[in-house]
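Here are the chains, one letter per residue:
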Amino acid sequence: MSFTITEQAPARLNRSELAVPGSNARFLEKAAAGDADVVFLDLEDAVAPNDKEQARKNIIAALNDLDWRGKTVSVRINGLDTHYMYRDVVDVVEQAGEHLDLIMIPKVGVASDVYALDMLVGQIEAAKGLKKKIGFELIIETALGMANIHDIAAASRRNESLHFGVADYAASTKARTTNIGGPNAEYGVLTDPDVAGGRDFHWGDMWHYAIARMVVAARANGLRPVDGPFGDISDADGYKAQAMRAAVLGCEGKWAIHPSQTALANHLFSPSSEEIDKAKRILAAMEQAQKEGKGAVTLDGKLIDIASIKQAEVVVRKAEQVKG
Ligand code: GLV
Ligand code: MG
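Residues numbered from 1 in each chain as written. Chains lettered and ligands numbered in written order. Predicted model: local features only at pLDDT ≥ 70, side-chain atom pairs only at ≥ 80, totals over all residues. Heavy atoms only, no water.

Enquirer: Looking at this structure, I do not really get helix H12 (residues 306–323). What am I missing?
Expert: Since one α-helical turn is 3.6 residues long, residues separated by three or four positions face the same way. With 18 residues, H12 extends 26 Å between its outermost C-alpha atoms, agreeing within 8% with the 26 Å of an ideal straight helix rising 1.5 Å per residue. Considering only its buried residues, H12 is in contact with helix H11 (273–291) and strand S12 (302–305). A distance of 3.0 Å separates the backbone nitrogen of Ala307 from a side-chain oxygen at the start of H12, and that oxygen is part of Asp305. Gly324 sits one or two positions beyond H12 and adopts a positive phi of about 85°. (Helix = DSSP H or I, 4+ residues; strand = E, 2+ residues; numbered from the N terminus. Expected span 1.5 Å × (residues − 1). Contact = heavy atoms within 4.5 Å. Polar contact = N/O pair within 3.5 Å; in protein donor to acceptor, adjacent residues only side chain to side chain.)

Have a look at this one:
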């Protein structure tokens, strides 16, 4: 271990993160009654400019009046490059800050974007005497943000999670896709022409680098990495495959941009009973090994060692968190 200890963000379940447009009061009510671990009430891109003011009012009312049943509740404010942002923060935190857990900051480009918000939120919390410190969720969705991701992740003690905003990221990097998330048939490799059976074309995952980089930046700073939207809401299999790729790389969860995606995320980002059993068997085998003075043993024909304990503990701890 390094001599540097990474402080961990508050432990919250973040398997599903449901996006709800603040302009639709009925959707806000449904979200409060639903099963998402985290709900973010959107003031940004799902809300048209003419609806921004009403959406703010709806969100303030929803925070104050609805029963969120223990969920984590966040508000996605508008970007720092808009004139909506300051009023989003001032109105929502002043009028409903005690019911707000997190603020989601879109299109973060540099660490000082976070610093500016930290200052503003800190002043409002102090003026209002708010007891609970509001945390930050940061969307990495521009080339600038991805380039500066490590500084951004370390920019504030309010930071809790990094999110991969694939749609804006694709636009910012000028990626040749108009889908929101998921694989792209144009991004693939041809297999060797000399292998038996002839050439084959395999799709690749064009988001691998971005998600893997986000996971590293988040974990190095004790934050939760969370995968963003998957636009084809009629393709449950596509959603599951994308979510599983993100989970395998270390993400804690994924956005749901339709309530039907919430249950998929909750399921996929919870360890399965097989994974939990295997992790427990590894822990038991390593306990026995250590009693016998051994650092490594075989289990089911595979080598396990002290690092395996840490891997297994990740699974067991997550299972305990899910159980509540
Ligand atoms: C989310 O905000 C995205 O742009 O994908
Ligand atoms: Mg976006």
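Text resumes after the structure shown.
Enquirer: How should I be thinking about the site of ligand 1 in this particular structure?
Expert: Inspection of the region around ligand 1 gives Arg76, Glu141, Gly165, Val166, Ala167, Asp168, Pro229 and Trp255 as its neighbouring residues. Within the backbone of Val166, a nitrogen or oxygen atom sits 3.1 Å from an oxygen atom of ligand 1. Interatomic distance of 2.9 Å between a side-chain N/O atom of Asp168 and an oxygen atom of ligand 1. Taking 190 Å² as the accessible area of ligand 1 by itself, protein coverage stands at 92%. In terms of residue count, the dominant contributor to the shell around ligand 1 is helix H7 (residues 166–173) (3 residues). Classifying every residue of the shell around ligand 1 gives 4 nonpolar, 1 polar and 3 charged. (Near = heavy atom within 4 Å. Areas by Shrake-Rupley, 256 points an atom, 1.4 Å probe, with all protein chains shown as cover. Nonpolar A, V, L, I, M, F, W, Y, C, P; charged D, E, K, R; others polar.)

Enquirer: Looking at this structure, I do not really get the coordination of the magnesium ion (ligand 2). What am I missing?
Expert: Each donor-metal-donor angle would ideally measure 109.5 degrees in four-coordinate tetrahedral geometry, or 90 or 180 degrees in six-coordinate octahedral geometry. Taken together, the protein ligands of the magnesium ion (ligand 2) are Glu141 (OE) and Asp168 (OD), with distances of 2.0 to 2.1 Å. With Glu141 in the loop between strand S5 (135–140) and helix H5 (143–147) and Asp168 in helix H7, this residue pair connects regions lying 27 residues apart in the sequence. For Glu141, a relative accessible area of 2% puts it in the buried group. (Donors = N, O, S within 2.8 Å, 3.2 Å for Na, K, Ca; no water. Buried < 20%, exposed > 50% of the residue type's maximum accessible area, 1.4 Å probe, protein only.)

Enquirer: I'm lost on the nonpolar core in this one. Help?
Expert: Most often, soluble globular proteins keep nonpolar side chains buried together rather than apart. The biggest cluster of nonpolar side chains holds 65 residues, and the ones touching the most others in it are Leu41, Leu63, Val75, Val89, Ile103, Leu162 and Phe164. Dropping the residues within four chain positions of it, Leu41 is found in contact with Val20, Leu28, Ile59, Leu63, Trp68, Val73, Ser74, Val75 and Arg76. Membership of the second largest hydrophobic core comes to 11 residues, among which are Met286, Val297, Ile304 and Ala312. (Core = buried A, V, L, I, M, F, W, Y, C linked by side-chain atoms within 4.5 Å.)

Enquirer: So what exactly am I meant to see when it comes to the packing of aromatic side chains here?
Expert: The way to describe two aromatic rings as a pair is by their centre distance and the angle between their planes. The tally for this structure, following the rule as stated, stands at 4 aromatic pairs. Consider the rings of Phe164 and Trp207, whose centres lie 6.0 Å apart with planes at 55°: the pair is tilted. Remark: Trp207 occurs in the loop between strand S8 (201–203) and helix H8 (208–220) and Phe164 occurs in strand S6 (residues 159–164); sequence separation between them is 43 residues. Ring geometry for Phe230 against Tyr239: centres 6.0 Å apart, planes inclined by 85°, an arrangement best described as edge-to-face. Neither residue differs from the other here; Phe230 and Tyr239 are each classed as buried. Between Lys52 and the ring centre of Tyr84, over which it is positioned, the NZ or CZ distance is 5.3 Å. (Phe/Tyr/Trp six-rings, centres within 6.5 Å; stacked < 30°, edge-to-face > 60°. Lys NZ or Arg CZ within 6 Å of the ring centre and 35° of its normal.)

Enquirer: Before we go on, may I ask you to explain the UniProt feature "binding site: Mg(2+)" (unreviewed entry) in the protein chain in this structure?
Expert: The UniProt feature table records "binding site: Mg(2+)" (unreviewed entry) at Glu141 and Asp168. Despite a sequence span of 28 residues, these residues sit close together in the fold, their greatest C-alpha distance being 5.3 Å. The contacts of Glu141, once residues within four sequence positions are left out, are Pro106, Lys107, Gly165, Asp168, Tyr169 and Ser172. Here the side chain of Glu141 touches Lys107 through a polar contact of 2.8 Å, landing on its backbone nitrogen. For Asp168, the residues in contact, after removing those within four places along its chain, are Asp45, Lys107 and Glu141. (UniProt positions renumbered as here; feature names shortened; annotations may be inferred.)

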